[in-house]
Amino acid sequence: MTIISWIILGLLAGAIAKFLLPGRDPGGFIGTTIIGVAGAFIGGWISARWLDHPITTDFYDGATWAAAIGGSLVLLIAYRILFGHSRN
């Protein structure tokens with residue numbers, strides 16, 4: 001996949017992660033979007049590195065989507081833990 005594909009995948013993965021973890025995020029929409037894109041990259045890297053599932057060139061690969069959404073969820077949770085109480 002190209003970098004544009006990863007960004008689109010990250011945007012969608014971030015939106016899905018936000019849907020699965022509703023609530024207020026300290027960064028709002030832009031922060032969630034950046035977390036989604038970063039989560040897609042990190043999830044894909046972890047999947048290729050330690051889970052023995054190489055990154056495919058197919059945008060519709062279920063394992064790639066699962067890794068991207070999983071990475072986005074992990075980053076969103078970490079972001080909320082680290083910065084979630086700064087708005088109180």
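Residues numbered from 1 in each chain as written. Predicted model: local features only at pLDDT ≥ 70, side-chain atom pairs only at ≥ 80, totals over all residues. Heavy atoms only, no water.

> Residues and numbers for the overall build of the chain, please.
Within the chain, the regular secondary structure consists of three helices and zero strands. Sequence-ordered secondary structure for the chain, helices as α and strands as β, is α-α-α. Across the 88 residues in the chain, those meeting the buried criterion constitute 33%. The contacts of the chain with a sequence gap of at least 6 include a subset with a gap of at least 24, amounting to 78%. Element-wise, carbon and sulfur atoms account for 72% of the exposed surface of the chain, whose accessible area totals about 5600 Å². (Helix = DSSP H or I, 4+ residues; strand = E, 2+ residues; numbered from the N terminus. Buried < 20%, exposed > 50% of the residue type's maximum accessible area, 1.4 Å probe, protein only. Contact = heavy atoms within 4.5 Å. Areas by Shrake-Rupley, 256 points an atom, 1.4 Å probe, with all protein chains shown as cover.)

> Tell me about the packing of helix 1 (residues 3–20) against helix 2 (residues 28–49), and name the residues and values.
Running from N to C, helix 1 and helix 2 point in directions that differ by 115°, and their axes come no closer than 7 Å. Judged on the interaxial angle alone, helix 2 and helix 1 are roughly perpendicular. Between helix 1 and helix 2 the crossing geometry is right-handed. Packed against helix 1, whose contacting residues are I3, W6, I7, G10, L11, G14 and K18, the element helix 2 presents T32, T33, G36, V37, A40, F41 and G44 at the interface. Taken together, the residues that form the contact of helix 1 with helix 2 break down as seven nonpolar, six polar and one charged. (Axes fitted to C-alpha atoms, helices over the stretch in contact; angles between N-to-C directions. Parallel < 35°, antiparallel > 145°, perpendicular 65-115°, else oblique. Left-handed = near helix turned anticlockwise from the far one by under 90°. Nonpolar A, V, L, I, M, F, W, Y, C, P; charged D, E, K, R; others polar.)

> Run through the packing of helix 2 against helix 3 (residues 62–83), naming residues and quoting values.
Taken N-terminus to C-terminus, the directions of helix 2 and helix 3 make an angle of 125°; their axes are 7 Å apart at the nearest point. Classified by the angle between their axes, helix 2 and helix 3 sit oblique to one another. Every pair of crossing elements has a handedness; the one defined by helix 2 and helix 3 is right-handed. When helix 2 is examined against helix 3, the residues I35, G36, A38, G39, A40, I42, G43, G44 and S47 are found in contact with a partner set consisting of A67, A68, G71, S72, L75, L76 and Y79. Of the residues contributing to the contact of helix 2 with helix 3, the split by class is nine nonpolar, seven polar and no charged.

> Which residues make up helix 3, and what values do they have?
Taking 1.5 Å as the rise per residue, helix 3 with 22 residues should run 32 Å; its terminal C-alpha atoms sit 31 Å apart, in good agreement. Those residues of helix 3 that fall on the buried side of the exposure criterion are T64, W65, A67, A68, I69, G71, S72 and L76. Residues of helix 3 that are buried in the fold lie against helix 1 and helix 2. (Expected span 1.5 Å × (residues − 1).)

> Give me the side chain of S72: which residues, what numbers.
Secondary-structure assignment places S72 in helix 3. In terms of polar contacts, S72 uses its side chain to reach the backbone carbonyl oxygen of A68, at 2.9 Å. (Polar contact = N/O pair within 3.5 Å; in protein donor to acceptor, adjacent residues only side chain to side chain.)

> With reference to specific residues and values, describe the nonpolar core.
Core analysis: the largest hydrophobic core is formed by seven residues, namely W6, L9, A13, A40, W65, A68 and I69. Broken down by secondary-structure element, the contributors of at least two residues to this core are helix 1 and helix 3. (Core = buried A, V, L, I, M, F, W, Y, C linked by side-chain atoms within 4.5 Å.)

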